[in-house]
Structure formats: structure tokens, C-alpha cells
Amino acid sequence: MPAQRARDRRRAPQRRQGVRQRLLSPTGWGGREAWVRDFTTKAEDGTYPVVDKLVKVAQYFGFDGWFINYETIRQGDAAIRAALAYGRSLSEPGKPGAVDFTWYEMRQRSLNDHNAQFLQHDNQRVCDSLFVDYYWDDSGLTNSKNKADQIKRPVHDLYFGLELVLEENWKKRLDLLFLTEDAHRGSLALYKAHTVSTPPKGVDDTTWTEHLYAKEAAFWTGPDPDHTSTGPVDEFPGIAHYVAEACPRGTLPFVTHFNTGHGHAYHHAGTAVRHGGWANLSLQDVLPTYRWLTGADPGCAVKADLSFRDAWEGGSCLMLDTHLLPGGSAWVRLYQLDLPVTPGTQLTVRAKTPYPDNSDCTVQMLIADAHDPETLGAVALTRGSQSPAGWVAYTAYLPDHVRTPAQLGLRLTAGDLPVHGPLAVGQIAVHDAAFGTPPAPTDLEFQAPERTITGGFSVRLAWQPPGDESAVHHYEIYETTAGTAETFLGAGLNPVFYLPQLAPRERAAARIAVTAVGHDGAHSPRPPPTSPGDPAGRCPAAGCRGGATVALPWRVVVVRCCVPLWPGGVTVPSLWRHRLLHSLGTASWRIDFTGKPAGQRPVRRWNANLARRGAIDVP
């Protein structure tokens, strides 16, 4: 069924990165005691109806579990504990469909006799982890470790928070948690990690990505540019100094386009299909594990970075700025992997250089197998075809002795001539068969089209996904107009999409098409584009007497999704009321109705109400 497939695809972005995702249970700030009572209410058959729903919601939408922020009431601990233990018992930890629970401990600064019951009660697993608030200290860490040992839970189930906005000395706190002379005393939870790289300018300024990634590199991998060390001992050394690298558990095909999920243009097959800033983290690829581990022969050098100047698919690529003497080599270690493969597995790299002929520079894949992860072996790649945009495909078969690639990198070697300049890498793929064309989606529908207050219109799209989505990575939506090329509008993982604003134009000129995109970026056969048509029409709400139409001096806005204003009166949506009240200024206008109204009195009252607020002049 489409809903089931949509759910599975909704889970994909986090799984590609190995990121676990939890939602907040509303019992904290802004919560209500009534919600806690509902949560702990036990039915006659021994189930907890609200907990059942929380588990089903998590499984349907594909996130990993619930973060229980319990600050509303501090009574009834046994009831809370029993409800959580019930929810935990509904699925097996670590198995497909498992729903995790994390307890947020705000008042206690450690795991202790009082709150340990929310992690483990006798032999009963109550929650999967416990998050200790930000004001822990050395003694709290010691006591927490001792208590975890007592209840026989791994110390890594304890997360100690670091509030990056208010905390000034990150190094001092992390040195307590991660002792150099002892094992780690817990896991780390970072609050507002995005603030370390918040750009000083808007996203329309193309320099913001440079600022963001420079700040990100300093925070995660330390201040040393080549990261062979973590910098002076008195500086913050970066998170990588404390926490070992990790990788998502993968399956074939493993494909990365080094797409960060945002950019200044959107590319397909090396050609820009949209210019201007965009962001969609659902499209983010698995990015390099190491930032950056490079090496070179004497007299040679290579600098690696993510670049937003070009891309094979998406908005970014890997850029290798090389300086090679004749016969010299340089290399970059990119990924730590856990990737079981089969005999006949293939390797594909797509790269681009501004030079018309780069045949004097050979490209090799560096691979280490899991049985000897420190030894990187070179696999020669064969230069293949070149795309119209200048991207060259390099291919090879994986050596038979490699069964589980654990490390992945690239090596560049000059021939008889020196090599100086950038090499863009737009794709690395490890796959067990040639990529095929994904099947096309069908039955595109336009749902609830509406004119917007800015003069354009919005519409919801829905389509039927292919019966087998295994070859589909995501879907892309394009618009075509007469005499112009296709324009990329957006992309998503599910067979639904919302277009909030199409530019004002004749409705018949707007043509929309949806394509399925394969793991390697290949597009499905494109169905003929379809027009949404005129968004005017009646409100489909049951009992509505007709959509209310606000006649303005310069345009018409169709108002839908009814919400009652007065008992027995005509209805209009609260969202549109807000927009009309605060966005229209003092233009003279009046209200008409497409259907027979319940009476003129509500219309007069609405006009009078708006006039009192200073939003309109009643004619």
C-alpha cells in the first residue's frame, strides 16, 4: 500500500547517515498534568492506550523513539515507570521496528537511587537511555557510573548534556567525561550543536557556506587545518579528539554524490537545473567520515574540501586541489565503512577537471578490507565515457579478496607531466550490478489548489509510486513552461509533495512533471507534464455553503478549509483571517460569497471587526 511505502522511505534519510531520531513527548515545558494522566491510564485489558499510540506513531512515521521530557508533575513515579516499561516491552531493542524511550532527567545531576528506576527496575528494562541535564560535575559522573554498574546497565546508556550556547569551557567539561587515563564515563549529548556554525549572513549570500563549514570543521575535528593533530593543548581539540569515528551500517549499492542537502544550484547529470539557494536534508548523502586525512609523495600536495561550485547530482561535490610532480602521487582517505559485498562488485567514480585532457593523471580507488582495516590497497580505475558537462566515468571491479570494505579513499598519480589544479569528484559508487532506469511514478494528482495572497498559487501533489521502489532513491518535481527548459521545484522521498508558491502566470502555462530518481541519479521515463488548472472552486468541507471569496482591488483570493467564526454563521479559515488582518493594509474591499450565506449579519460583523482592528476601510 502507498502509505506503507511512504513510511519506509520516510525513514531513509536518517538511516543513510546512521543518525537516530527521537521525538519529544509533551510532558515538559508547555505540557499539562492531564496529558500525564492520559499517558499513565491503564485499560482493563492491561494495555496503555496512549502508549500504544505513541509506539504505532513512531513505527508508522519511521523515527526511532520518544524523548520523555517529564517536568510537568513530580508525583506518581510508579505509574510513569509502569507505562514506560509497557511501551518498552512492545518491541525488541535493536530489531526492525523497535521503538526506543529516553528519559530526560532535569532535576538530578546524576544517575542515582531515585531516577535509576526510569532506566532499569529490577530485571525490567524501562527505558533505553537516560539524558542527564547540563549541570553535572566530576562527582556526578563517578556516582552515575557506579549506579549504572549496580543496576547492570552499560555506562554508554547515560547521556550527559553539554549546552553549547551557555557553556563557555567545552574542553574542561569533556575532559571530565572522557578521562584520558580511564574508560569513558558516559555518552555525550550536544544541545544546539548548530549554533557553533550559524552563518552571520543570510543563505542568499554564497559566502555563508564557507563560514559554516570552516566553523563546523573547527568544532568537530579541531583547529589544525590538516587534522594530523588536534592543536595546542589549551585549545578545544574538537569532538573527534574524544569520540571515535563511526559509520552507518551499509548495504549495496553504496552511492555518494557528496551532496550536503543544500547548495546554490541544483544539478542533474552535471547540468544545473535550478539556480539559487535550496535546502533539503532528505537528499543529503553519506558524507566523508574524515575531514580531511590526506597524504602525498615528497614535493606533492593535495587539499580536499566540499565545493558548491559544481556537482554531478545535487548541490555539491568533493574538490581535490592537487599539485603533483611527474610520477608523484597524493591521496585522501574518505570513508570508514561496514559494507558486505558479493563477488563481481563494481566500483564507479565520476570526476571532472577544467583541463581538456587529464589522461596523464590516473585515478585509483584505495580500499581496506575489514580483516586488515589499516592497509589500503590501490585499485586501478579505467577511464570511460565523458558526459556533455565534462564529467568522466572511471570504473573497475572490486578485487575478489575484499569481502567487507572498511576504508575507502582515492589516489591520484601524475604521468610524465606535472599536474596542478582542481579535480572535482561528483560520485563514488560501490554496486553489485549495472544501474538501471528506475520505474516511473503514475497517476499524478493535484489536490487542493489555491490562489495565494501574493498572486501565485499553491497545490498539493500526490502520485502512485512504482510497485517496486528498491531502485528509487527519491522523487523530483519539475515545472515546464512554453519555450523554456525544465525548472527543478523540489524533491522528496514520499509519493506526496506540497508546492507552497508557484509564481503568478497563466494557469494553463504551468506544467508539472514528477520523475523517480535512481541511486546513481538516473531519471525514470518522464511522463507528459500536467497542468493543475484553475485553483478556484468550492470548499469541500462537509456542510459548507460555498468557499468565501475575498474580492480585493487587484486580485481574488479563494479561502478554503473552514473554521467557524460565529455560531451558525459563515466560516473562513483562521490562517487566512490572520493573513488578511496583518497583510492587506488599509485597502478598501468587501466580502462576497460563492454560495448562499446563512445571513448577512456575520458578513457585517466580520467587516466591522476588521475595521476596528484598522485592517480595512469599509466602503
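Provided above is the structure to which this section pertains.
**Student:** Can you walk me through the sheet that holds strand S26 (residues 487-492) in this structure?
**Tutor:** Note: strands within a sheet are paired through backbone hydrogen bonds, in either parallel or antiparallel orientation. Reading across from one edge, S26-S25-S28 is the order of the three strands in this open sheet, with antiparallel pairing throughout. Sheet topology places S26 and strand S28 (511-517) at the edges, where each strand pairs with a single neighbour. Across the sheet, the mean angle separating the axes of adjacent strands is 25° when strand polarity is ignored. The pairing of strand S25 (residues 474-480) with S26 spans five bridges and is classified as antiparallel. In the sheet register, Tyr478 faces S26, and the bridge partner there is Phe488.

**Student:** Honestly, the packing of helix H4 (residues 49-61) against helix H5 (residues 77-89) in this entry has me stumped. Any pointers?
**Tutor:** Working note: a packed helix pair is described by the angle between its axes plus the distance between those axes. In the contact formed by H4 and H5, the axes pass within 10 Å of each other and the chain directions differ by 40°. Regarding the angle of H4 to H5, the classification is oblique. Where H4 crosses over H5, the two elements pack in a sense that is right-handed. Here H4 contributes Val51, Asp52 and Val55 to the contact with H5, which in turn contributes Ala83, Tyr86 and Gly87. Along the lines of polarity and charge, the residues of the contact of H4 with H5 split into four nonpolar, one polar and one charged.

**Student:** Just to check I follow, could you spell out empty space enclosed by the protein for this structure?
**Tutor:** Gaps left between atoms are located by rolling a probe of water-molecule size over the structure's atoms. Taken as a whole and assessed by the stated rule, the structure comprises two cavities of 30 Å³ or more. Size it by volume and the largest cavity reaches roughly 120 Å³. Along the walls of the largest cavity sit 16 residues, with His257, Asp285, Glu313, His473 and His474 positioned nearest its centre. Within the lining of the largest cavity, the residues separate by chemical class into four nonpolar, eight polar and four charged.

**Student:** Before we go on, may I ask you to explain the pattern of salt bridges in this structure?
**Tutor:** Working definition: two side chains of opposite charge can pair if their charged atoms are close together. Following the criterion strictly, the structure yields 10 salt bridges and no others. With its nearest N and O atoms 2.6 Å apart, the salt bridge here joins Lys147 to Asp113. Linking Lys147 in helix H6 (residues 138-150) with Asp113 in the loop between strand S3 (100-105) and strand S4 (120-121), this pair joins segments that are 34 residues apart in sequence. Overall, Lys147 belongs to the buried group, its relative accessible area being 10%. Given the relative accessible area of 66%, Asp113 is considered exposed. Here Lys171 makes a salt bridge to Asp175, at a shortest N to O gap of 2.9 Å. With Lys171 and Asp175 both in helix H7 (residues 170-177) and four residues apart, the pair spans about one turn of that helix. Judged by relative accessible area, Lys171 falls into the partly exposed class, the value being 22%.

**Student:** How do you make sense of the environment of Gln108 when you look at a structure like this?
**Tutor:** On the secondary structure map, Gln108 appears in the loop between S3 and S4. On the accessibility criterion, Gln108 (29% relative accessible area) is partly exposed. Considered as a pair, Gln108 and Gly140 are 32 residues apart in the sequence and their alpha carbons are 9.3 Å apart.

**Student:** Please clarify how the sheet that holds strand S15 (residues 329-336) should be interpreted in this entry.
**Tutor:** Spatial ordering of the open sheet is given by S12-S15-S21-S17-S18, a layout of five strands whose pairing is antiparallel. One side of each edge strand has no neighbouring strand; the edge strands of this open sheet are strand S12 (293-296) and strand S18 (377-380). Averaged over all pairs of adjacent strands, the angle between strand axes in this sheet comes to 25°, irrespective of strand direction. Examined bridge by bridge, S15 and strand S21 (residues 405-414) share seven bridges and lie antiparallel to one another. From the neighbouring strand, Gln336 faces S21, where its bridge partner is Gln407.

**Student:** Whenever I open this one, the packing of aromatic side chains confuses me. Can you help?
**Tutor:** Summed over the entire model, instances satisfying the criterion amount to 23 aromatic pairs. Taking the centre distance of 5.0 Å and the plane angle of 85° together, the rings of Tyr60 and Phe61 count as edge-to-face. Given a relative accessible area of 38%, Phe61 falls into the partly exposed group. Ring plane angle 70° and centroid distance 5.4 Å describe the contact between Tyr104 and Phe131, whose orientation is recorded as edge-to-face.

**Student:** In this structure, what is going on with the nonpolar core? I would like to understand it.
**Tutor:** Within the largest apolar cluster, 46 residues are counted, with the highest numbers of intra-cluster contacts made by Leu84 and Trp103. Looking at this core element by element, the count peaks at five residues for H5. Once residues lying within four places of it in the same chain are set aside, the contact partners of Leu84 are Phe39, Ile68, Phe101, Trp103, Val126 and Cys127.

**Student:** Where do I start with the packing of helix H3 (residues 33-40) against H5 in this structure?
**Tutor:** The contact between H3 and H5 brings their axes to 9 Å, and the two run at 55°. Taken together, H3 and H5 sit at an angle that is classed as oblique. Of the two possible hands of crossing, H3 and H5 adopt the one that is left-handed. Side by side, H3 and H5 meet where Val36, Phe39 and Thr40 of the first sit next to Ala79, Ile80, Ala83 and Leu84 of the second. Across the contact of H3 with H5, the residue classes break down as six nonpolar, one polar and no charged.

Cut-off values and rules
- Residues numbered from 1 in each chain as written.
- Predicted model: local features only at pLDDT ≥ 70, side-chain atom pairs only at ≥ 80, totals over all residues.
- Heavy atoms only, no water.
- Pairing = 2+ DSSP bridges.
- Helix = DSSP H or I, 4+ residues; strand = E, 2+ residues; numbered from the N terminus.
- Axes fitted to C-alpha atoms, helices over the stretch in contact; angles between N-to-C directions.
- Parallel < 35°, antiparallel > 145°, perpendicular 65-115°, else oblique.
- Left-handed = near helix turned anticlockwise from the far one by under 90°.
- Contact = heavy atoms within 4.5 Å.
- Nonpolar A, V, L, I, M, F, W, Y, C, P; charged D, E, K, R; others polar.
- 1 Å grid on protein atoms, 1.4 Å probe; cavity = no way out; pocket = protein on both sides within 12 Å on 5 of 7 lines; lining within 4 Å.
- Points joined across faces, edges and corners; volume = space filled by probe spheres on them.
- Salt bridge = Lys/Arg side-chain N within 4 Å of Asp/Glu carboxyl O.
- Buried < 20%, exposed > 50% of the residue type's maximum accessible area, 1.4 Å probe, protein only.
- Phe/Tyr/Trp six-rings, centres within 6.5 Å; stacked < 30°, edge-to-face > 60°.
- Core = buried A, V, L, I, M, F, W, Y, C linked by side-chain atoms within 4.5 Å.

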